[in-house]
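# Observations on chain architecture
Letter by letter, the chains look like this.
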Amino acid sequence: MPRPRKFVESDVVSSASEVFAAHGLAATLDDLVRATGLGKQSLYNAFGGKRELFFRALSEDREEATRAVSEALGHDAASPLERIRGHMLTMAIEFSSSDRRVSLTTRAMVESTGEEDPLSTATKASIEQLAGIYAQCLEHARENGDLPEDANVQSLAVYFVAITRGMELLGRAGVGRAVLTAVALDALRVLHGQRMEEADGRTRSGKPPVPED
């Protein structure tokens, strides 16, 4: 009769995620043993091996990242663009924290080669999930008239994934809050530029531009 487990899987996965975020797939079993408190055989028995544990941790990290962005951009009293602005400024604060590690989702993006392998497949899934949340908010902005009807919501959504993941890496490299805040605000000007282009087009066509709020 097998002995009952004396550990909580979610705690082990969380500890392993910290290790993988720091070292990527180069993390060793010894690193994982030290972080999780489990022996090598226990890790194999519970998760199937290092790679299996990595992808389990990556999947949970991706879900957590998607949930966080979804909550930040969810429906509330603020307009869609205001929600994106608040989210970006919050990211600038969080990513500039000196003790914050790079997420496993971002680490996987850095290590991905783009080849047809499990890591690249998982990375693409992460990008698609995150971009989907941004796209929903941007689509609401377009429906509200805050973006022109021909705005490419999908490319803008991927753009914000790229900007936020890049901000995370910059913060880990020691870039401070002031610079990250400036990056966030500059990124938001792309959306205001969309509105300006629409206004310029109306002026050239002989129609008065729509005044900014």
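Just above sits the structure.
Residues numbered from 1 in each chain as written. Predicted model: local features only at pLDDT ≥ 70, side-chain atom pairs only at ≥ 80, totals over all residues. Heavy atoms only, no water.

### Brief notes about the overall build of the chain
When its secondary structure is counted, the chain shows 9 helices and 0 strands. Going residue by residue from the N terminus, the α and β elements of the chain occur as α-α-α-α-α-α-α-α-α. Here the chain holds 213 residues, and the buried ones make up 38% of them. For the chain, the proportion of contacts with a sequence separation of at least 24, taken over those separated by at least 6, is 68%. (Helix = DSSP H or I, 4+ residues; strand = E, 2+ residues; numbered from the N terminus. Buried < 20%, exposed > 50% of the residue type's maximum accessible area, 1.4 Å probe, protein only. Contact = heavy atoms within 4.5 Å.)

### Looking at the packing of aromatic side chains
Applying the stated criterion across every chain, the model contains 4 aromatic pairs. Measuring from ring centre to ring centre gives 5.2 Å for Tyr159 and Phe160, while their planes differ by 75°; the resulting arrangement is edge-to-face. Here Tyr159 falls in the partly exposed class, since its relative accessible area comes to 25%. A relative accessible area of 0% places Phe160 in the buried class. (Phe/Tyr/Trp six-rings, centres within 6.5 Å; stacked < 30°, edge-to-face > 60°.)

### Here we look at empty space enclosed by the protein
Where empty space is left can be seen by rolling a probe of water-molecule size over the atoms. Inspection of the entire model under this criterion finds 1 cavity of 30 Å³ or more. Approximately 40 Å³ is the volume found for the largest cavity. As for the largest cavity, its lining consists of Phe95, Ser97, Arg100, Arg101, Val102, Glu168, Gly171 and Arg172. Sorting elements by how many residues they give to the lining of the largest cavity places helix H8 (residues 153-172) first, with 3 residues. Looking at side-chain class alone, the lining of the largest cavity contains 2 nonpolar, 2 polar and 4 charged residues. (1 Å grid on protein atoms, 1.4 Å probe; cavity = no way out; pocket = protein on both sides within 12 Å on 5 of 7 lines; lining within 4 Å. Points joined across faces, edges and corners; volume = space filled by probe spheres on them. Nonpolar A, V, L, I, M, F, W, Y, C, P; charged D, E, K, R; others polar.)

### Things to note about helix H3 (residues 40-47)
The set of residues buried in H3 consists of Leu43, Ala46 and Phe47. One face of H3 carries all of its buried residues, which in axial projection span an arc of 75°. Turned more than 90 degrees off the buried face of H3, the exposed positions are Gln41 and Asn45. Among the structural elements, helix H1 (9-23), helix H2 (29-36) and helix H4 (50-72) are those in contact with the buried residues of H3. Gly48 lies just past H3 and shows a positive phi near 95°. (Arc of directions from axis to C-beta.)

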